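Residue-level structure breakdown
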Amino acid sequence: MDSNPVTKFHKDKSLILRMYFTIFMLGVLYGIFSLFLLASGVPITFIVLIVGVMMLFQYYTSDKLVLKSTGAKIINENSDPALFNIVRNLANNYSMPMPKVAVIESNVPNAFATGRNPDNSVVAITTGIRERLTELELRAVIGHELAHVANQDMKVLAIANFLTTITSFLMTMFFWNMMFGGMGRNRNNGSSGIMIVYLVTIIVYFIGQLLVLSLTRHREYGADHTGAEITGDPESLASALEKISGSLARIPDQDLRKLQTANAFLIIPSALKGEGSMNLFSTHPPVEERVKRLRNLKHRF
Amino acid sequence: MINKILHIFKSPRKNLNDWDVLFTLDKACRELYDRGEISAARKAGVIFHPDDKNLYLSNLQKELNAALYTGEGSTKTSFSILDDSHSTKWIVLEDGKFYDLLSSVFTVGNAINSNGGGENIIGLVFEFFFTDKRNSQENTETTKVYLIYRYDLKAFYPFVPTGDTKGERNRIIENRLGSALKNYGVIIEPRLEKWLGLWGIPF
């Protein structure tokens, strides 16, 4: 039995604030957009209903769909006691329901959690990640995935994606309307009116996507933080991230003596190169930043 | 984008000279000594390409005696000049007081540079013992590590050789040490691909 008590770190207030701000901005964006569509006379109720049914179906079946599409096999205490016990002990420590545990035969190092709530969740890992990580690192990765379950990230992101999916449907609908007529012919403003609505929809879709991606990245930081609470071992997650991402492979094999240009006092310092870059289109934050934050947690007991 | 802009304005290396950067190590080491994560930083080295045409480098023993032992406030740091198996030379300095060691290394580097040998200097190297305190008290282990300072980068980076053959290094400990030092304000080179090794350090 794993008897480690749950380690409580200070809440990352800045992260929580940014997360709520992003959610607030999403709400504002779609609120204004809805008012704009209503004022433009666009019938959106039907689309909201269709997308709603689709997303609800996806939401309630996502665990089964993901497991089928990845070929994941559910394990139990008898078929894989080592892995099962890691998950059970961590779940017990954090007083959360024991999720289903699955293994995917793949050399790609990966792990994920899925399911609509903690009672219907699955934590899956690939054989590739298991081969590469030490037991402590694997435990840390599972802790991170359990954190996604505990923080109900699937639910939060499903709601956020619901709005962007509606916008995406509207965008497609307006496009075909402009191409072949339809709604535009019945409107007083004519085709220029629908063109404006179409352009606004594209802009809203783009901003909405950026906000959802930003929210996804915040949830990753949040899962790192909660995962560190679950295992009490942020360092192992940092180490696992470094191994999985291959970032350490960037440290070279070459000897400094061979670099003739390294010696001069005169070379322009490279203080501003390549630091702090943040890809707005990434679903995950940069590994270096996650590792840095995790290592900072060590000093925040 | 905002992060990037903010980062440019608060870039730690902006307008820092070599001594400013070297001195970040002194402050960090004092804190890390207290935490028991770093110990016994008594030796450091200046590695350079020999140059017979340079008078200063040719008379190094005499010149270093003058630089380190004469004048008010001299540190009296002991030193030796060694060759390594890569045809490069080392000035190995030893001092029980880390600040004096740091100051002597800076003095030697500066003296070589101001006497026309700056282009021969490959870097400065500091020896430490790093105690990895991951996983509380269970897995602590102490490793001999080096911190390399490069004038062209104006930054340090860790180097932990696991053998004398090129490429043999402990990247995990290096990265962990780099993070620990950075947390305490040491200017660490952020681009990992610049962390070139120095195998066969003679101390």
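Preceding this paragraph is the structure being described.
Scope of this entry: the structure provided in the associated data block. Since the structure is predicted, the reported quantities are computational estimates derived from the model, not experimental observations.

With that settled, the discussion passes to the overall build of chain B. Along the backbone of chain B there are six helices and seven strands. Reading the secondary structure of chain B in the N-to-C direction produces α-α-β-β-α-α-β-β-α-β-β-β-α. Counting the 203 residues in chain B, one finds 54% classified as buried. Nonlocal contacts in chain B, meaning residues at least 24 apart in sequence, comprise 63% of its contacts between residues at least 6 apart. Of the roughly 9100 Å² that chain B leaves accessible, carbon and sulfur atoms contribute 48%.

All right, on to the pairing of strand β2 (residues 43–48) of chain B then. Residues and elements named next belong to chain B. Most of β2 sits inside the fold, with five of its six residues counted as buried. As defined by bridge partners, β2 adjoins strand β4 (residues 89–94) across six bridges and the pair is classed as antiparallel. Each bridged residue has a counterpart across the sheet, and for glycine 45 the counterpart in β4 is valine 92.

All names here are of chain A. The grouping of Phe21, Phe24, Met25, Val28 and Ile32 at the surface amounts to a nonpolar patch, some 480 Å² of accessible area in total. Assignment of secondary structure puts valine 28 in helix α1 (residues 13–40). What makes valine 28 partly exposed here is its relative accessible area of 31%.

Across all of its chains, the model carries 22 salt bridges over all chains by this definition. A salt bridge links Glu137(A) to Lys243(A), with the shortest nitrogen-to-oxygen separation between them at 2.9 Å. Residue Glu137(A) is found in helix α5 (residues 135–150), and its partner Lys243(A) is found in helix α8 (residues 234–245); the two are separated by 106 residues along the sequence. Salt bridges linked by common partners bring Glu235(A), Glu242(A), Arg295(A) and Arg176(B) together as one network.

Quick notes on the rules
- Along each chain, numbering runs from 1 in the same order as the chain's sequence is written.
- Chains carry letters and ligands carry numbers; both start at the beginning, A for chains and 1 for ligands, and go up in the order they are written.
- Per-residue local features of the predicted model are confined to residues with pLDDT of at least 70, and side-chain atom pairs are confined, for both listing and counting, to 80 or more; whole-chain, interface and lining totals are unaffected and use all residues.
- Only heavy atoms go into the side-chain values, all of them from the structure, while hydrogens and water stay out.
- Secondary structure elements follow DSSP: runs of H or I no shorter than four residues count as helices, runs of E no shorter than two count as strands, and numbering proceeds from the N terminus.
- Residue burial is assigned from relative accessible area. The probe radius is 1.4 Å, only protein chains are included, and a residue is buried under 20% of its type maximum, exposed over 50%, and partly exposed in between.
- We call two residues contacting when some pair of their heavy atoms lies within 4.5 Å.
- Only the protein chains shown count as covering a residue, and every accessible area follows the Shrake-Rupley method with a 1.4 Å probe.
- In this description, strands pair whenever DSSP reports at least two bridges between them.
- Patches draw on residues past 30% relative accessible area with no salt bridge. Two like charges within 9 Å are joined, as are two nonpolar side chains (Val, Leu, Ile, Met, Phe, Trp, Tyr) within 5 Å.
- Whenever a carboxyl oxygen of Asp or Glu lies within 4 Å of a side-chain nitrogen of Lys or Arg, that contact is scored as a salt bridge.

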